[in-house]
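Structural description and commentary
Each chain, written out:
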Amino acid sequence: QVQLVESGGGLVQAGGSLRLSCTTSGRIFRSYGMGWFRQAPGKGREFVAAIDWSDGVTYYADSVKGRFTISRDVANNTVYLQMISLKPEDTAVYYCALNARRTGWDKGVWYDYWGQGTQVTVAS
């Protein structure tokens, strides 16, 4: 069984920083990349960032570009999301996901496995 476990969420002040981690385990036959999505209360799930597992090429939503950085630790099957200059509108549950389709990066339907989510709250 494939499992993804996020960690690192919490409460921070506006302008602060936070780093999320996601570790994968289990039988993964195809792992083309990893992504981060978020869902704010009353809103749909939103693409945040993704990274190609083979070459490290990254992709970002316009709303976080320049503030968030996605990275990978191949040896430990871990992906990170470094967030700086956090804003109250960044408040959401953040999910990591594994992309095994190789169709695209910015839509949830292209991801096969999801973590349980970790809450990020940015106070003003």
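I will try to describe carefully the structure that is included in this document.

Basis of the calculations
- Residues numbered from 1 in each chain as written.
- Predicted model: local features only at pLDDT ≥ 70, side-chain atom pairs only at ≥ 80, totals over all residues.
- Heavy atoms only, no water.
- Salt bridge = Lys/Arg side-chain N within 4 Å of Asp/Glu carboxyl O.
- Helix = DSSP H or I, 4+ residues; strand = E, 2+ residues; numbered from the N terminus.
- Buried < 20%, exposed > 50% of the residue type's maximum accessible area, 1.4 Å probe, protein only.
- Core = buried A, V, L, I, M, F, W, Y, C linked by side-chain atoms within 4.5 Å.
- Contact = heavy atoms within 4.5 Å.

**Some words on the pattern of salt bridges**
Charged atoms that come close allow side chains of opposite charge to pair. On inspection of all chains with the given rule, the structure shows three salt bridges. Among the ionic pairs, Asp 90 bridges to Arg 67, the shortest N-O distance being 2.8 Å. Taken together, the positions of Asp 90 in the loop between strand S8 (78-83) and strand S9 (92-99) and Arg 67 in the loop between strand S6 (58-60) and strand S7 (68-73) put the pair 23 residues apart, joining distant regions of the chain. Of the two residues, Asp 90 and Arg 67, neither departs from the other in class, the shared state being buried. Connected through shared salt-bridge partners, Arg 38, Glu 46, Arg 67 and Asp 90 make up one network.

**A few points about the nonpolar core**
Residues Trp 36, Leu 81, Met 83 and Tyr 94 are the most contacted members of the largest nonpolar core, which totals 33 residues. At the level of elements, strand S3 (18-25), strand S4 (33-39), strand S5 (45-52), S7, S8, S9 and strand S11 (118-123) are the ones that each hand at least two residues to this core. Not counting residues up to four positions away in its chain, the partners in contact with Leu 81 are Leu 18, Arg 19, Leu 20, Trp 36, Val 48, Ala 49, Phe 68, Thr 69, Ile 70 and Tyr 94.

**Details of the environment of Lys 107**
As for its position among the elements, Lys 107 is in the loop between S9 and strand S10 (113-114). Each C-alpha atom of the pair Lys 107 and Leu 86 lies 23 Å from the other, and the pair is 21 residues apart in sequence.

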